Amino acid sequence: MSLLQTTDIRRSYGSLPVLKGINLAIEPGEVVSIVGASGAGKTTLLHILGTLDRPDSGHLTIDGENVFKQNDRQLARFRNERIGFVFQFNNLLPEFSALENVCLPGFIAGKDEKEVRKRAQTLLDTLGLHDRLNHLPSQMSGGEQQRTAVARALINQPAIVFADEPSGNLDSRNAEDLHQLFFRLRNDLGQTFIIVTHNETLAGMADRTLTIRDGLIE
Ligand SMILES: Nc1ncnc2c1ncn2[C@@H]1O[C@H](COP(=O)(O)OP(=O)(O)O)[C@@H](O)[C@H]1O
Ligand SMILES: [Mg+2]
């Protein structure tokens, strides 16, 4: 069975149909990019695949779990434990250090505090941020903030990491570093990524590119 599979996912906003029957399957360890014109429904699809939003109809299975059968509370728990997100703007909490930001999803999952801190430190080390542990987001560069967001996405060893325009706010040098990082994490950890991007280089690096047009995967 695929790691993630959808059947006929549909989603409208009022009378505007955005997703008109999305069928796709993602295998473990794949890096898949999603491209399409602005307004094509990429973010809408990513939010549904990431269980942040529910479709009007259709099914989503992740790791064998029929996710939209779950109630909101169960779904929040599933999301915390099994799914990681990296957004265009890093969404780090400004009052917390890099280390604390990375730890939070682990604490929310109720994991052992010492273990979470240790894993967070190891992740930040691996991402080249060993000397930024106690920095606030405002004290870090855009690239460092985004790598901290990647560490946060990985803290609970998610089945899948979803990224929505993760390099959209970075200069080309930092964008390239971030893209390399995704592939390093896939090669080293077998991490699965689904990445929405305008960046043609990143889209071209992926194992597979899905294009959304007129509410469907081409
Ligand atoms: N919360 C919302 N309410 C109403 N319309 C929305 C909402 N979110 C997105 N849309 C509309 O749905 C379409 C797809 O949006 P989106 O998924 O954000 O596209 P993309 O990420 O590909 O640029 C757009 O026409 C957008 O205006
Ligand atoms: Mg979008």
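Residues numbered from 1 in each chain as written. Chains lettered and ligands numbered in written order. Predicted model: local features only at pLDDT ≥ 70, side-chain atom pairs only at ≥ 80, totals over all residues. Heavy atoms only, no water.

Enquirer: Now, about the packing of helix 4 (residues 113-126) against helix 5 (residues 142-154): what can you tell me, with residues and values included?
Expert: It is the contact of helix 4 with helix 5, at a shortest axis distance of 9 Å, that shows an interaxial angle of 140°. Classified by the interaxial angle, the pair formed by helix 4 and helix 5 is oblique. Crossing hand, helix 4 versus helix 5: right-handed. On helix 5, the residues touching Arg119, Leu123 and Leu124 of helix 4 are Thr148, Ala151 and Leu154. Along the lines of polarity and charge, the residues of the contact of helix 4 with helix 5 split into 4 nonpolar, 1 polar and 1 charged. (Axes fitted to C-alpha atoms, helices over the stretch in contact; angles between N-to-C directions. Helix = DSSP H or I, 4+ residues; strand = E, 2+ residues; numbered from the N terminus. Parallel < 35°, antiparallel > 145°, perpendicular 65-115°, else oblique. Left-handed = near helix turned anticlockwise from the far one by under 90°. Contact = heavy atoms within 4.5 Å. Nonpolar A, V, L, I, M, F, W, Y, C, P; charged D, E, K, R; others polar.)

Enquirer: Help me get a handle on the UniProt feature "domain: ABC transporter" (unreviewed entry) in the protein, residues and values and all.
Expert: Under the UniProt annotation, "domain: ABC transporter" (unreviewed entry) lies at residues 4-218. In the segment residues 4-218, helix accounts for 38% and strand for 26%; the C-alpha atoms at its two ends are 18 Å apart. (UniProt positions renumbered as here; feature names shortened; annotations may be inferred.)

Enquirer: Could you give an account of the packing of helix 5 against helix 6 (residues 172-189), naming the residues involved and the relevant values?
Expert: Interaxial distance between helix 5 and helix 6 falls to 10 Å at its minimum, and their mutual angle equals 20°. When the axes of helix 5 and helix 6 are compared, the pair comes out roughly parallel. The two elements helix 5 and helix 6 meet at a crossing, and its hand is right-handed. Mapping the contact onto sequence places Gly143, Gln146, Arg147, Val150 and Leu154 in helix 5 and Asn174, Leu178, Leu181, Phe182 and Leu185 in helix 6.

Enquirer: For the site of ligand 1, give the residues involved together with the corresponding values.
Expert: Close to ligand 1 lie Tyr13, Leu16, Val18, Ala37, Ser38, Gly39, Ala40, Gly41, Lys42, Thr43 and Thr44. The backbone of Gly41 places a nitrogen or oxygen atom 3.0 Å from an oxygen atom of ligand 1. Contact distances for ligand 1 include 2.6 Å between an oxygen atom and a side-chain N or O atom of Thr44. If ligand 1 stood free it would expose 560 Å²; the protein chains cover 55% of that surface. (Near = heavy atom within 4 Å. Polar contact = N/O pair within 3.5 Å; in protein donor to acceptor, adjacent residues only side chain to side chain. Areas by Shrake-Rupley, 256 points an atom, 1.4 Å probe, with all protein chains shown as cover.)

Enquirer: Can you explain the packing of aromatic side chains? Please cite residues and give values.
Expert: What describes a pair of aromatic rings is the distance from one ring centre to the other and the angle between the planes of the rings. Scanning the entire structure with this criterion turns up 3 aromatic pairs. Ring centres 5.0 Å apart and planes at 55° place the aromatic pair Phe182 and Phe193 in the tilted group. Of this pair, Phe182 sits in helix 6 while Phe193 is found in strand 8 (residues 192-196), placing the two residues 11 residues apart along the sequence. The exposure classification of Phe182 matches that of Phe193, with both residues buried. (Phe/Tyr/Trp six-rings, centres within 6.5 Å; stacked < 30°, edge-to-face > 60°. Buried < 20%, exposed > 50% of the residue type's maximum accessible area, 1.4 Å probe, protein only.)

Enquirer: Provide a residue-level description of the sheet that holds strand 6 (residues 83-86), including the pertinent values.
Expert: Reading across the sheet, the 6 strands line up as 6-7-8-3-9-10 and stay open at both edges, with mixed pairing between neighbours. Each having just a single partner strand, strand 6 and strand 10 (216-217) make up the two edges of the open sheet. Across 4 bridges, the pairing between strand 3 (residues 31-35) and strand 8 is parallel. For Ser33, the partnering residue across the bridge sits in strand 8 and is Ile195. Contacts from helix 1 (residues 42-49) reach strand 3, strand 6, strand 7 (160-164), strand 8, strand 9 (208-213) and strand 10, with the element oriented near 155° to strand 7. Sheet strands in contact with helix 2 (residues 72-82) are strand 6 and strand 7, and its direction is about 75° off that of strand 6. (Pairing = 2+ DSSP bridges.)

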